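Single-letter residue listing:
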Amino acid sequence: MTPVEAMRLALAQARAATAHGDVPVGAVLLAPDGEPVAEAHNERELTGDPTAHAELLAIRRAAAALGASRLDGCTLVCTLEPCAMCAGAMVQSRLARLVFAAWDDKAGAAGSVWDALRDPAATHRVEVAAGLLADDSARLLKEFFAQRR
């Protein structure tokens, strides 16, 4: 699966989050061979769990599917730059690569506000690629927040 195909799946997951009032963020975790292992979208409102971010759910599901806490060689594709909590989980899971769509200028931890994934003090560094289908993701987010105002 190409990164663009994976991002389209992540965008579909993001759209699904809005059905239960969650911010439209989606994630797809790819195995080292590029095949999807897990998909998720934000479920904070659905579950009442403040940690139920799309990225964390995808990491948890992939770890369960692969039977390992280390996701060596795996890539996480998500629609929004991860927050510090999600970036920390990526470092802890030894994720190889992150591909994300839109920047998060308020809470991003993959290069905008902070860069937890490539911090020299981190125990592991994650390769980061930003901006893939960013306009599509930004549009979803803008529409969601416009409806809530």
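Our structure's up above, just so we're on the same page.
Residues numbered from 1 in each chain as written. Predicted model: local features only at pLDDT ≥ 70, side-chain atom pairs only at ≥ 80, totals over all residues. Heavy atoms only, no water.

**Side note on unusual backbone geometry**
Here is step 1: The backbone of R94 shows a phi angle near 60 degrees, a positive value even though the residue is not glycine.
Here is step 2: Looking at where R94 falls in the secondary structure, it is placed in the loop between α4 (84-92) and β4 (97-102).
Here is step 3: Unusually for a residue other than glycine, L133 sits at a positive phi of about 55 degrees.
Here is step 4: Positionally, L133 belongs in the loop between β5 (127-130) and α5 (134-148).
Here is step 5: A relative accessible area of 23% places L133 in the partly exposed class. (Helix = DSSP H or I, 4+ residues; strand = E, 2+ residues; numbered from the N terminus. Buried < 20%, exposed > 50% of the residue type's maximum accessible area, 1.4 Å probe, protein only.)

**Structural notes on the packing of aromatic side chains**
Here is step 1: In the structure shown here, the tally under the stated rule is 2 aromatic pairs.
Here is step 2: Between F100 and W103, the ring centres sit 5.0 Å apart and the planes meet at 90 degrees, which makes this aromatic pair edge-to-face.
Here is step 3: Judged by its relative accessible area of 0%, F100 is buried.
Here is step 4: Exposure remark for W103: the relative accessible area of 44% places this residue in the partly exposed category.
Here is step 5: For the pair F144 and F145, a centre-to-centre distance of 5.1 Å together with 80 degrees between the ring planes defines the contact as edge-to-face. (Phe/Tyr/Trp six-rings, centres within 6.5 Å; stacked < 30°, edge-to-face > 60°.)

**Digging into the nonpolar core**
Here is step 1: Formed by 35 residues in total, the largest nonpolar core has its most connected members in L29, L71, L76, M90, L95, L98 and L117.
Here is step 2: Here the element with the most residues in this core is helix α3 (residues 54-66); it accounts for 7 residues.
Here is step 3: The contacts of L98, once residues within four sequence positions are left out, are L76, C78, P82, M90, A110, L117, V126, E127, V128 and A129.
Here is step 4: Residues A6, A10, A14 and V77 belong to the second largest nonpolar core, which totals 11 residues. (Core = buried A, V, L, I, M, F, W, Y, C linked by side-chain atoms within 4.5 Å. Contact = heavy atoms within 4.5 Å.)

**What about the state of the cysteines?**
Here is step 1: Inspection of every chain in the model, using the stated rule, returns 0 disulfides.
Here is step 2: Not part of a disulfide, C74 finds its nearest cysteine sulfur in C78, a span of 14 Å.
Here is step 3: Judged by relative accessible area, C74 falls into the buried class, the value being 1%.
Here is step 4: Summary of cysteine pairing: C78 is not part of a disulfide, and the nearest cysteine sulfur, belonging to C86, is at 8.0 Å.
Here is step 5: For C78, a relative accessible area of 0% gives the class buried. (Disulfide = S-S within 2.5 Å.)

**Some words on the sheet that holds strand β1 (residues 26-30)**
Here is step 1: With mixed pairing, 5 strands are arranged side by side in an open sheet as β2-β1-β3-β4-β5. The open sheet has two edge strands with one neighbour each: β2 (36-41) and β5. Across the sheet, the mean angle from the axis of one strand to that of its neighbour is 15 degrees, orientation sign disregarded.
Here is step 2: Examined bridge by bridge, β1 and strand β3 (residues 75-80) share 4 bridges and lie antiparallel to one another. Counted as the bridge partner of A27 is C78 from β3.
Here is step 3: Running over the sheet, α3 touches β1, β2 and β3 and is turned about 150 degrees from β2.
Here is step 4: Set on the sheet, α5 makes contact with β3 and β4; between it and β4 the angle comes to about 60 degrees. (Pairing = 2+ DSSP bridges. Axes fitted to C-alpha atoms, helices over the stretch in contact; angles between N-to-C directions.)

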